[in-house]
Amino acid sequence: MSDIDTTPNENDDVVARVLANAGAQSAHRTTFGSGTSVETRAQALQSDSNYDEHRDGEQLDREDRQALRRVAGLSTELDDVTEVEYRQLRIERVVLIGIYTQGNTVDAENSLRELYALAETAGAVVLDGLLQRRANPDPSTYFGKGKAEELRGIVAASGADTVIADTELAPSQRRALEDIVKVKVIDRTAVILDIFSQHAKSREGKAQVELAQLEYMLPRLRGWGEALSRQGGGAGGSGDGMGSRGPGETKIELDRRRIHTRMSRLRKQIKGFAPAREAKRANRNRFEVPSVAIVGYTNAGKSSLLNHITSAGVLVENALFATLDATVRKSVTADGRPYTLTDTVGFVRNLPHQLVEAFRSTLEEVGESDVIVHVVDASHPDPGSQLATVRDVIGEVEARDIPEIVVFNKVDLLQDDDQRLLLRALEPTAIFVSARTGEGVAELQARIAELVPSPDVQVELLVPYDRGDIVASLHDRGRILTTDYVDGGTHVTAMVNAMDEGALKQFAVVSA
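Residue indices follow the written sequence of each chain, beginning from 1 at its first position. The predicted origin of the model limits local features to residues at a pLDDT of at least 70 and limits the giving and counting of side-chain atom pairs to 80 or more, whereas totals for whole chains, interfaces and linings rest on all residues. The side-chain quantities take in all heavy atoms of the structure and omit both hydrogens and water.

A. Structural detail: the overall build of the chain. Across its full length, the chain holds 17 helices and 15 strands. With 512 residues in all, the chain has 49% of them scored as buried. Contacts are assigned to residue pairs that have any heavy atoms within 4.5 Å of one another. Intrachain contacts of the chain at a sequence separation of at least 6 include 69% that bridge at least 24 residues. Summed over all atoms, the accessible surface of the chain reaches about 25100 Å², with 49% contributed by carbon and sulfur. Numbering goes from the N terminus for both helices and strands, where a helix is a DSSP run of H or I of at least four residues and a strand is a run of E of at least two. Partly exposed describes any residue whose relative accessible area lies between the buried limit of under 20% and the exposed limit of over 50%, with all areas from a 1.4 Å probe on protein chains only and scaled to the type maximum. The Shrake-Rupley method, run with a 1.4 Å probe, gives the accessible areas here. Residue values count only the displayed protein chains as cover.

This is how it looks when you write it as structure tokens:
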């Protein structure tokens, strides 16, 4: 039997076509259904879309993203889109493809469903998903020549105009497969870069995304037809004489040089943003304000959790990579100690290395933090892979030694207690939280209060009444143990940071 089969059979050892029986697995999850109801959304996107206006703010950015609608079915383009150099903006109709090995079916299907969520977030309509079993991708066409011909028939029958591969394709593989299926072929990395390009808001975020796109594009330049193979610069034909004859530079060489020049400018621009970040961080360090970084898989609920704790009003959207720019908000522990909460960019399996490098400056917030809150989607079918993926990136920014709090978010979507037991076995010390209902948030805040650095030097002071600023500073930067008002001033016993002890020596009470 063919590995690509459009009629699933219950006797098959593996399911090659994703969406055979996935609808029965969860009411909140689905794979590649063609309907438009909330139950037919991508499995990585929950059906819930309720937002709290007080907690999440007005969400004007989310409304702005949804303000532009494209109408399907209005097109006069050629069937073979590879024959044209410029293509108009349209709702792309895509077919997803992937490779799996024997015994790796579940992981392959989860990965392909996640690719569906990525394509949906990018604005495409997914028509089908296909998996082929083979030991290794075909070095020339990825899918193998015979299966690529079958894929061409499926693409033609479904009316798709794009094929997306669930891995990063080599430039030669993409070109060869494109020549066979006669529609545009892209890979997982291109989809992620496209989402980042749509969602980047700040100057630094836009520069980082553009740099990553150019790094990805550079080895993949090709002309539509012979467009980029033209010779330019040779002046022999114009009668300029000796030394001017020859082919000159090709257009593709000129484009490569322009891309290298642009990349160099972007790196300098990104480097120029560093002093502003360092100044803000130095200001927090000067006042000994502990930093807590929220990290996690994309769409795990990091921004929702930040909003619930701080009422920050950060953009919350049921989409992958909804927020890219780091957001810092202030919070306080139950005993009044201030700390900062930083919402960082989300991660995903097979995160393009170009993005890791481009966003390294943003990920510095993780490496400089005192505590890491690692948010995991409890309702995801494979939370273990989320944990591993995020911890790999944490290791890349050299933050493995920072205290970590694992938080299983979206527990309100769990069907029964058995799922909680499985998650508890995966991470015994984790906290179960729902950013929507508030379950477990108080426990999380208590755990943060235990781990953030606290003043560790006890002082006994007699502060004159005209130096109320000292007492106010003790409340802000230390922890007051006792307060007594005597004739000479305010008698205070407090816990302070070691670096503040010297400045307070003039008010110290000398024991008899």
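B. Region of the structure containing the sheet that holds strand β4 (residues 184-187). The strand order β2-β1-β3-β4 describes an open sheet built from four strands, whose pairing is parallel. Single-partner strands in this sheet number two, and they are β2 (125-133) and β4. Neighbouring strand axes in the sheet, compared pairwise and without regard to direction, differ in orientation by 25 degrees on average. The pairing of strand β3 (residues 162-165) with β4 spans four bridges and is classified as parallel. Bridge pairing in β4 links Ile 164 to Ile 186. Throughout, an axis means a line fitted to C-alpha atoms (over the contacting stretch in the case of helices), and angles, computed between N-to-C directions, take values from 0 to 180 degrees. Its contacts with the sheet put helix α6 (residues 188-199) on β3 and β4, and the angle it makes with β4 is roughly 80 degrees. Whether two strands pair depends on DSSP finding at least two bridges between them.

C. The arrangement of the environment of Gly 488 in detail. Here Gly 488 is to be found in the loop between β14 (479-486) and β15 (489-496). With relative accessibility at 49%, the residue Gly 488 sits in the partly exposed group. Sequence separation between Gly 488 and Pro 464 is 24 residues, and the spatial gap between their C-alpha atoms is 6.3 Å. Residues contacting Gly 488, with those up to four places away along its chain left out, are Leu 462, Val 463 and Pro 464.

D. A look at the pattern of salt bridges. Any carboxyl oxygen of Asp or Glu that lies within 4 Å of a side-chain nitrogen of Lys or Arg is treated as forming a salt bridge with it. Taken as a whole and judged by the stated rule, the model has 17 salt bridges. For Lys 147, the salt bridge is made with Glu 150, and the minimal N-O distance between the two is 3.8 Å. Of this pair, Lys 147 and Glu 150 both sit in helix α4 (residues 145-158), three residues apart, which is roughly one turn of the helix. Glu 427 is the salt-bridge partner of Arg 391, the closest N and O atoms lying 3.4 Å from each other. In this pair, Arg 391 sits in helix α13 (residues 383-396) while Glu 427 sits in the loop between α14 (417-426) and β12 (431-432), placing the two residues 36 residues apart along the sequence.

E. Region of interest: α13. Helix span, expected: 1.5 Å multiplied by one less than the number of residues in the helix. The end-to-end C-alpha distance of α13 is 20 Å, a good match for the 20 Å that 14 residues give at a rise of 1.5 Å each. Buried within α13 are the following residues: Pro 383, Ser 385, Gln 386, Leu 387, Thr 389, Val 390, Val 393 and Ile 394. Positive backbone phi, at 55 degrees, marks Glu 398, one or two positions downstream of α13.

F. Representation of the pairing of β14 in the model. Two strands pair when backbone bridges link them, and β14 and β15 are joined in this way by seven bridges, in the antiparallel orientation. Within β15, the residue paired with Val 486 across the bridge is Gly 489.

G. The arrangement of the packing of aromatic side chains in detail. Stacked, tilted and edge-to-face pairs are distinguished by plane angle, under 30 degrees for stacked and over 60 for edge-to-face with tilted covering the rest, among Phe, Tyr and Trp rings (Trp via its six-membered ring) whose centres lie within 6.5 Å. Using the criterion set out here, one finds two aromatic pairs in the structure. Ring geometry for Tyr 142 against Phe 143: centres 6.0 Å apart, planes inclined by 5 degrees, an arrangement best described as stacked. Take Tyr 142 and Phe 143: they sit in the same class, and that class is buried. When the ring of Phe 408 is compared with that of Phe 432, the centres are 5.7 Å apart and the planes differ by 25 degrees; the resulting orientation is stacked.

H. Broad picture of unusual backbone geometry. Notably, Lys 182 is not glycine yet its phi reads approximately 65 degrees, a positive angle. As for its position among the elements, Lys 182 is in the loop between α5 (171-181) and β4. With phi around 65 degrees, Lys 410 is a residue other than glycine that occupies positive phi space. The residue Lys 410 is located in the loop between β11 (404-409) and α14 in this model.

I. Summary view of a nonpolar patch on the surface. Residues enter patches when they are more than 30% accessible in relative terms and free of salt bridges; like-charged ones are connected within 9 Å and nonpolar ones (Val, Leu, Ile, Met, Phe, Trp, Tyr) within 5 Å. On the surface, a cluster of nonpolar side chains totalling about 180 Å² of accessible area is made up of Leu 462, Val 486 and Val 509. Looking at the element boundaries, Leu 462 is found in strand β13 (residues 457-463). Take Leu 462: its relative accessible area is 33%, and that puts it in the partly exposed class.

J. Examining the confidence of the model for the chain more closely. Chain-level statistics for the chain give a pLDDT mean of 75 and a share of 72% at 70 or above. Per-residue pLDDT, averaged within each element of the chain, yields its smallest value for strand β5 (residues 231-233) (45) and its largest for β12 (94). Overall, residues 81-89 carries pLDDT values under 50, and its contacts beyond four positions in sequence, including any with other chains, amount to 24 contacts. Of the regions scoring below 50 in pLDDT, residues 224-238 engages in 35 contacts with residues more than four places distant in sequence or in other chains. The quantity known as pLDDT measures the predictor's confidence residue by residue, on a range of 0 to 100.

K. Highlighting the packing of helix α3 (residues 105-122) against α6. Running from N to C, α3 and α6 point in directions that differ by 35 degrees, and their axes come no closer than 9 Å. Seen from above, α3 lies across α6 with left-handed handedness. For the pair α3 and α6, the contacting residues are Ser 111, Glu 114, Leu 115, Leu 118, Ala 119, Thr 121 and Ala 122 in the first and Arg 188, Val 191, Ile 192, Asp 194, Ile 195, Gln 198 and His 199 in the second. Put simply, Ala, Val, Leu, Ile, Met, Phe, Trp, Tyr, Cys and Pro go in the nonpolar bin, Asp, Glu, Lys and Arg in the charged bin, and everything else, Gly too, in the polar bin. Broken down by class, the residue content of the contact of α3 with α6 amounts to seven nonpolar, four polar and three charged. Left-handed is the label given to a crossing in which the near helix is rotated counterclockwise from the far helix by less than a right angle, and right-handed is the label when the rotation is clockwise.

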